[in-house]
Amino acid sequence: MQTTILYIGRDAEITVVMDRLLNARPEWKGICVCADEEAIAICEKQTVDLVLLGNGINPECEKVLRTKLTALQPGLKIIQHYGGGSGLLYGEIMSALNS
């Protein structure tokens, strides 16, 4: 069974890298977007297991995103992704999924 991970970030280049990293693992399905509206639309259409909030999302946008996404999918896990190598990313994701 695949784990669906939605990454929301503001930097298009980093979003491309995140897409590559998340989809490199067969057990993960990564969906990476830069626009909040696109992220909300995805959560309206399909189940997401984890949301990673990337760089550039200000506290006000984060609060709105958390409210809207959890209203669509109660219990949805949403964490900050602070960057770093793929090992750190794996650790963040596994820690969030196992909590």
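For the structure, see preceding data.
Residues numbered from 1 in each chain as written. Predicted model: local features only at pLDDT ≥ 70, side-chain atom pairs only at ≥ 80, totals over all residues. Heavy atoms only, no water.

1. Concerning the pairing of strand 4 (residues 77–80)
Cut-off, in case you're wondering: Each pair of strands is called paired provided DSSP finds at least two bridges between the two strands. Helix numbering and strand numbering both begin at the N terminus, where a helix is a DSSP run of H or I of at least 4 residues and a strand a DSSP run of E of at least 2. We call a crossover right-handed when, viewed with the strands running away from us, the connection from the first strand over the helix to the second turns clockwise.
In the sheet, strand 3 (residues 50–53) pairs with strand 4 via 4 bridges, with the strands oriented parallel. Paired with Leu53 across the bridge in strand 4 is Gln80. Each parallel crossover has a hand, and for strand 3 linked through helix 3 (residues 59–72) to strand 4 it is right-handed.

2. Side note on the pattern of salt bridges
Which entries qualify depends on this criterion: When a carboxyl oxygen of Asp or Glu lies within 4 Å of a side-chain nitrogen of Lys or Arg, that pair is called a salt bridge. Buried, partly exposed and exposed residues are distinguished by accessible area as a fraction of the type maximum, computed with a 1.4 Å probe on protein chains only: under 20%, between the cut-offs, and over 50%, respectively.
Scanning all chains against the criterion turns up 3 salt bridges. Arg10 is paired through a salt bridge with Asp36; the nearest N and O atoms lie 2.8 Å apart. With Arg10 in the loop between strand 1 (3–8) and helix 1 (12–23) and Asp36 in helix 2 (residues 36–45), the pair connects residues that are 26 residues apart, well separated along the chain. Overall, Asp36 belongs to the buried group, its relative accessible area being 15%.

3. Observations concerning the nonpolar core
Note the following rule: By nonpolar core we mean a set of buried residues, namely Ala, Val, Leu, Ile, Met, Phe, Trp, Tyr and Cys, connected to one another through side-chain atoms within 4.5 Å. Any pair of residues with heavy atoms lying within 4.5 Å of one another is described as a contacting pair.
Of all hydrophobic cores here, the largest spans 16 residues; its most connected members are Leu6, Ile8, Val51 and Leu69. Among the elements of the structure, strand 1, strand 2 (28–33), helix 2, strand 3 and helix 3 are those that each provide at least two residues to this core. Counting residues per element, this core draws most heavily on helix 2, at 4 residues. When sequence neighbours within four positions are dropped, the list of residues in contact with Ile8 reads Val33, Asp36, Ala39, Val51, Leu52, Leu53, Gly54, Ile57, Leu65 and Leu69. Grouped together as the second largest cluster of nonpolar side chains are 12 residues, Leu22, Leu50, Leu52 and Ile93 included.

4. Re the side chain of His81
The residue His81 is located in the loop between strand 4 and helix 4 (86–97) in this model. Sequence-distant contacts of His81, that is, excluding residues within four places in its chain, are made with Tyr7, Met18, Leu52, Leu53, Gly54, Leu89 and Glu92.

5. Section: the sheet that holds strand 4
Remark on secondary structure: sheet strands pair via backbone hydrogen bonds, oriented parallel or antiparallel. Heads up, the condition is: Throughout, an axis means a line fitted to C-alpha atoms (over the contacting stretch in the case of helices), and angles, computed between N-to-C directions, take values from 0 to 180 degrees.
Spatially, 2-1-3-4 is the arrangement adopted by the 4 strands of the open sheet, whose pairing is parallel. Bordering the open sheet on either side are strand 2 and strand 4, each of which pairs with just one other strand. Averaged over neighbouring strand pairs, the angle between their axes works out to 20 degrees when direction is ignored. Sheet topology places strand 1 next to strand 3; 4 bridges connect them, and they run parallel. Counterpart to Ile5 in the pairing with strand 3 is Leu50. Of the strands in this sheet, strand 1 and strand 2 touch helix 2, which is tilted by about 160 degrees from strand 1.

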